[in-house]
Every structure is written in C-alpha cells, then in structure tokens.
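Each chain is listed here by its residues.
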Amino acid sequence: MFPKKTLLSTAGILAAVLVISACSPSGGTDSPGTSAEPDTSPVSVTIDPAGGTNVNPATPVVVKAEHGKLIDVTVSNADKGNQVKGELASDGLSWRTTEPLGYGSTYKIVAHAQGTDGKPVEQQSRVSTLSPKQQANPNLIPAPAAVASAGVGVGQPIVFAFGQPVKNKAEVEKKLSVESTPKQEGSWYWIDDKNVHYRPKVYWQPGTTLKVSAMIYGVDFGNGVYGATDRTETYKVHDSWVAKADGNTEQMQIFHNGQLAKSMPISMGKDATPTHLGAHVISDKHENYVMDSCTYGVCQGQPGYYKANEKWSLRISNDGEFVHENPNSVGAQGSSNVSHGCINLNAANAQWFYQNMGLGDVVEVTNSGGPQLPVWDLYGDWSKSWTDWQAGSALK
C-alpha cells in the first residue's frame, strides 16, 4: 500500500495527462504543423504601357513579374536600335525606364523572367509615341551663361519664353518652379501666351540662390504643341544695388545694400516724352550704344526722330529708356527734364553708374510726370501690387 503523499502525486499526474489529452487533436496523437505547399505557378509578366500608339514619351515603361523574377528587360528604338536606360529593382520583381522615350518613335520591349516553377518566359510588346505638331523650348531670360559670373540683381524676374503659344497654361505652370535659398515667397504671372515671369513678393535678398526648373517634356501645351525638353538652371543674386531717381529734386541716389553710396544730378524725360514711373530693372548694358528712335516707331523724317551714339548705357525698359551719359544735357542735369525719356548723367557719373550697376539691379523712378511702367514693358513686373501679381498666375 502506497503512502498517502505518493497517492496524491500520482493523482495529479493522471489529471495533467487527461487535460493534455483533451487539448490534443482527435486520435490522441501529436502531429507537426502543416507547411504551405511551394508556389510552382508559371511566372506572369506585365508591361505598361501595354502597347499602342500616341503614347506620351514621358510616361515610363514599367515591367512587373508575379510568381517569379525578372532576369532582364530591354527597351530599344525599333528603327535606330539604341536602348533606353532602365533599372531593375533589387528584388527582381519590377523594372522601369530611367530616361524618357523620344517623340514620334516606336519601341520594342523584351522582358525575360523565370518562374518559381523554374521555367523561363519571354514577353514582348511594342509602343509608338505621339508626334507633336510643334515643340516649345523653355528659353530662359536672363540667359544663365550671361550672368554666371556676375549674378543678377535683387529686382531680377525669372522669365520663361516658350516661342510657341501656351493654351494649357495651368498644366505648364504646374511644371515650373523657382526654389530660393533662403526661402522667399514668389509667384508666376503670364505676360502673354508665350511669356511667363516669376518674381518674389519683395526684392530678392542679396546672396540668394535660385534653382529654376521647367519639367515640361511631354507636357501638352495645347493645339498640338508639346514641351521639347526639361531644363534646370541656377542663378545667384549679388549685392543689392537700388537707384532712386526723383523728378522733383532732379537727383538720383544709389544705395548699396541699403546704404547710400552716391548721389548725382540727373535729367529725365521732358513733358512730351516723360520717363515712366515705377521700378525699372536693368536688362542690358553697353559702353557704346547707338540709340535710334526708329526702334520704337519714330523714324527719320518724323518729328522727334534721333539717332546718336551714347556712352555708358544701361537699358531700363524696352520703350527706349536708358541710364546713360549725355554731354548735351549736362547744363540741365540737376535742374530740368529735357531727355526723350532716358535718365541723363554727366561723363564721370555715367561711368561710375555703369561700373557699379548691372543686370537685375533696380532704378526706381518717382515724380517724373510720366505714366506707370507697363507690366509688359520688358521688366515692368514691379508695377503690379502683390495681389494683382498673384492674380496673373494660371493656378490662382
């Protein structure tokens, strides 16, 4: 006969066995977990776009594999044979082109893959891209090469001149950008169907870097016109140079980074040809320049015609307005306005102004008796209030 303690222990063991038995699968025996059967389906390869014509060349070609992996993919011009660059994902499940296709071309796509069943598969397709009636290039003003060393002034607008009319302005504007460092608020304004300008709310900060982009390749401009190419350029804003020309005092004060650098007597446009009011932006400069009134419609034989070689000339509008030396008006400089609309200086002051002021620098004209500089007159951008300027965006 077992001791009492031994009997209790044995009873506990029996109870534990019963519990375990109750939780076991039917049949009362343990069995290992059932493992999933290996996938032995044949590989499925999809190509997008899946063939067809009038494909937008900016649309990437994407190839994907299911139940297997891609081995290689080639996209080649059917006529020329050259291959389009692409990249295979690290997991082998997808591939895509890394450069755009060309307009008006046919491409052959060949993909090789291997399924989990070990069997290789080849998939082919052909696509033809659309042919634009015309293409629009993103021409930049000022030309980046022309200002690469000196930079631009604080008043410089950024201009894209497309050469072809833009019907779908909103679609095009979405692809344009100006990134400023340090960051400043800015907006686009459509001067007309071909030209769009970008300016900040206030003048650029000196030292600002501007990264300008037009990612317009493949973008539908409307009426059969498409973007010709993408473009990205960088501008640098130099020191702040702002001249303030006052028709009441007949003086022009020049400020460098906000500090008065020089003051000089001037003569502006006479009553019949007054200088425009407002902020003008310097767009060009010439040590010697032939000024011909026929360039703005007053030609030889007409009243007011003139043609003369002037020194130290800086253009401030497309309406024939310059800051330049004029020895014939020295006696009037500082006392009266006698020019055809230009701001006249004596020789020493004109040379100093020419040597210190450059593209994108600002000449603010007040009390000239003239009308406001029109927004369309080259760089009349600052004639608009910020609210009115923003209203010129196609994305307003």
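Residues numbered from 1 in each chain as written. Predicted model: local features only at pLDDT ≥ 70, side-chain atom pairs only at ≥ 80, totals over all residues. Heavy atoms only, no water.

In the nomenclature of an unreviewed UniProt entry, the protein chain corresponds to Lipoprotein-anchoring transpeptidase ErfK/SrfK from the organism Amycolatopsis roodepoortensis. Recorded under Pathway (unreviewed entry), the UniProt text for the protein chain is reproduced unchanged: "Cell wall biogenesis; peptidoglycan biosynthesis." (UniProt positions renumbered as here; feature names shortened; annotations may be inferred.)

Participant: Help me out: how do you make sense of the overall build of the protein chain in this one?
Facilitator: Each helix and strand counted, the protein chain has four helices and 27 strands in total. A compact globule built from 396 residues would reach a C-alpha radius of gyration of about 21 Å, whereas the protein chain, at 36 Å, exceeds it by more than 25%. Taken over the C-alpha atoms alone, the protein chain extends approximately 140 × 70 × 35 Å along its principal axes. Scored against the burial criterion, the 396 residues of the protein chain give a buried share of 42%. For the protein chain, the accessible area works out to roughly 20,400 Å², and carbon and sulfur atoms hold 51% of it. The positive charge centre, built from 31 side chains, and the negative charge centre, built from 37, are 4 Å apart in the protein chain. (Helix = DSSP H or I, 4+ residues; strand = E, 2+ residues; numbered from the N terminus. Rg over C-alpha atoms; globule rule 2.2 N^0.38 Å. Buried < 20%, exposed > 50% of the residue type's maximum accessible area, 1.4 Å probe, protein only. Areas by Shrake-Rupley, 256 points an atom, 1.4 Å probe, with all protein chains shown as cover. Lys, Arg positive; Asp, Glu negative; His and termini not counted. Charge placed at Lys NZ, Arg CZ, Asp CG, Glu CD.)

Participant: Explain the sheet that holds strand β16 (residues 220–222) to me, please; I cannot follow it from the model alone.
Facilitator: Pairing between the strands of a sheet is mediated by backbone hydrogen bonds and can be parallel or antiparallel. Taken together, the three strands give an open sheet; going across it, the order is β9-β17-β16, and neighbouring strands pair in mixed fashion. In this open sheet, the two edge strands, each paired with only one partner strand, are β9 (134–136) and β16. Taking each pair of neighbouring strands and ignoring which way they run, the sheet shows an average axis angle of 35 degrees. Across three bridges, the pairing between β9 and strand β17 (residues 225–227) is parallel. Each residue of the ladder has a partner; that of Gln135, found in β17, is Tyr226. (Pairing = 2+ DSSP bridges. Axes fitted to C-alpha atoms, helices over the stretch in contact; angles between N-to-C directions.)

Participant: Help me out: how do you make sense of the sheet that holds strand β23 (residues 284–292) in this one?
Facilitator: Taken together, the four strands give an open sheet; going across it, the order is β23-β24-β25-β26, and neighbouring strands pair in mixed fashion. One side of each edge strand has no neighbouring strand; the edge strands of this open sheet are β23 and β26 (343–345). When the angles between neighbouring strand axes are averaged without regard to direction, this sheet yields 40 degrees. Sheet analysis places strand β24 (residues 307–315) next to strand β25 (residues 322–325), joined by two bridges and oriented antiparallel. When the sheet's bridge partners are listed, Leu314 is paired in β25 with Val323. Lying on the sheet, helix α3 (residues 347–356) is in contact with β23, β24, β25 and β26; it crosses β24 at an angle near 45 degrees. (Contact = heavy atoms within 4.5 Å.)

Participant: Could you clarify how one ought to interpret the packing of aromatic side chains in this entry?
Facilitator: The geometry of an aromatic ring pair is captured by two quantities: the separation of the ring centres and the angle between the planes. Applying the stated rule across the entire model yields 13 aromatic pairs. With a centroid separation of 6.4 Å and 15 degrees between ring planes, the pair formed by Tyr198 and Trp204 is classed as stacked. Take Tyr198: its relative accessible area is 8%, and that puts it in the buried class. Relative accessible area serves as the criterion here: at 2%, Trp204 is assigned to the buried category. Where Tyr203 meets Trp382, the ring centres are 4.8 Å apart and the plane angle is 80 degrees; that geometry is what we call edge-to-face. Of the two residues, Tyr203 sits in the loop between β14 (195–200) and β15 (209–214) while Trp382 sits in the loop between β27 (362–366) and α4 (386–391), which places them 179 residues apart along the sequence. (Phe/Tyr/Trp six-rings, centres within 6.5 Å; stacked < 30°, edge-to-face > 60°.)

Participant: Can you walk me through the pairing of strand β3 (residues 62–66) in this structure?
Facilitator: Residues in a regular strand project their side chains so that they alternate between the two faces of the sheet. The pairing of strand β1 (residues 44–48) with β3 spans five bridges and is antiparallel. Among the inter-strand pairings, Ser44 is bridged to a residue of β3, identified as Glu66.

Participant: Would you mind showing me how to read the nonpolar core here?
Facilitator: Grouped burial of nonpolar side chains is what soluble globular proteins tend to show. Counting residues in hydrophobic clusters, the biggest one holds 34 residues, and the most contacted among them are Phe160, Phe162, Val172, Leu176 and Phe221. At the level of secondary structure, the elements contributing two or more residues to this core comprise β11 (158–161), β12 (176–181), β13 (186–190), β14, β15 and β22 (278–281). Ignoring sequence-local partners within four residues, the contact set of Phe221 consists of Ala136, Phe162, Pro165, Val166, Lys167, Asn168, Val172, Ile216, Tyr226 and Gly227. Of all hydrophobic cores here, the second largest spans 21 residues; its members include Trp241, Val323, Ile343 and Phe353. (Core = buried A, V, L, I, M, F, W, Y, C linked by side-chain atoms within 4.5 Å.)

Participant: Honestly, the state of the cysteines in this entry has me stumped. Any pointers?
Facilitator: Covalently bonding the sulfur atom of one cysteine to the sulfur atom of another cysteine gives a disulfide. In the structure shown here, the tally under the stated rule is one disulfide. The partner cysteine of Cys294 in its disulfide is Cys299, sulfur to sulfur 1.9 Å. As the torsion about the S-S bond is roughly 80 degrees, the Cys294-Cys299 disulfide counts as right-handed. The thiol of Cys342 is unpaired, and the distance to the nearest cysteine sulfur, on Cys294, comes to 16 Å. (Disulfide = S-S within 2.5 Å.)

Participant: Help me out: how do you make sense of the confidence of the model for the protein chain in this one?
Facilitator: Averaged over the protein chain, the pLDDT score is 91; the fraction of residues at 70 or greater is 90%. Low pLDDT, under 50, characterises residues 1–31; the predicted model gives this stretch two contacts beyond four residues in sequence or across chains. (pLDDT = per-residue confidence, 0-100.)

Participant: Looking at this structure, I do not really get the UniProt feature "domain: L,D-TPase catalytic" (unreviewed entry) in the protein chain. What am I missing?
Facilitator: Per the UniProt annotation, the sites labelled "domain: L,D-TPase catalytic" (unreviewed entry) are residues 241–366. Secondary structure across residues 241–366 comprises 8% helix and 42% strand; the distance between its end C-alpha atoms is 17 Å.

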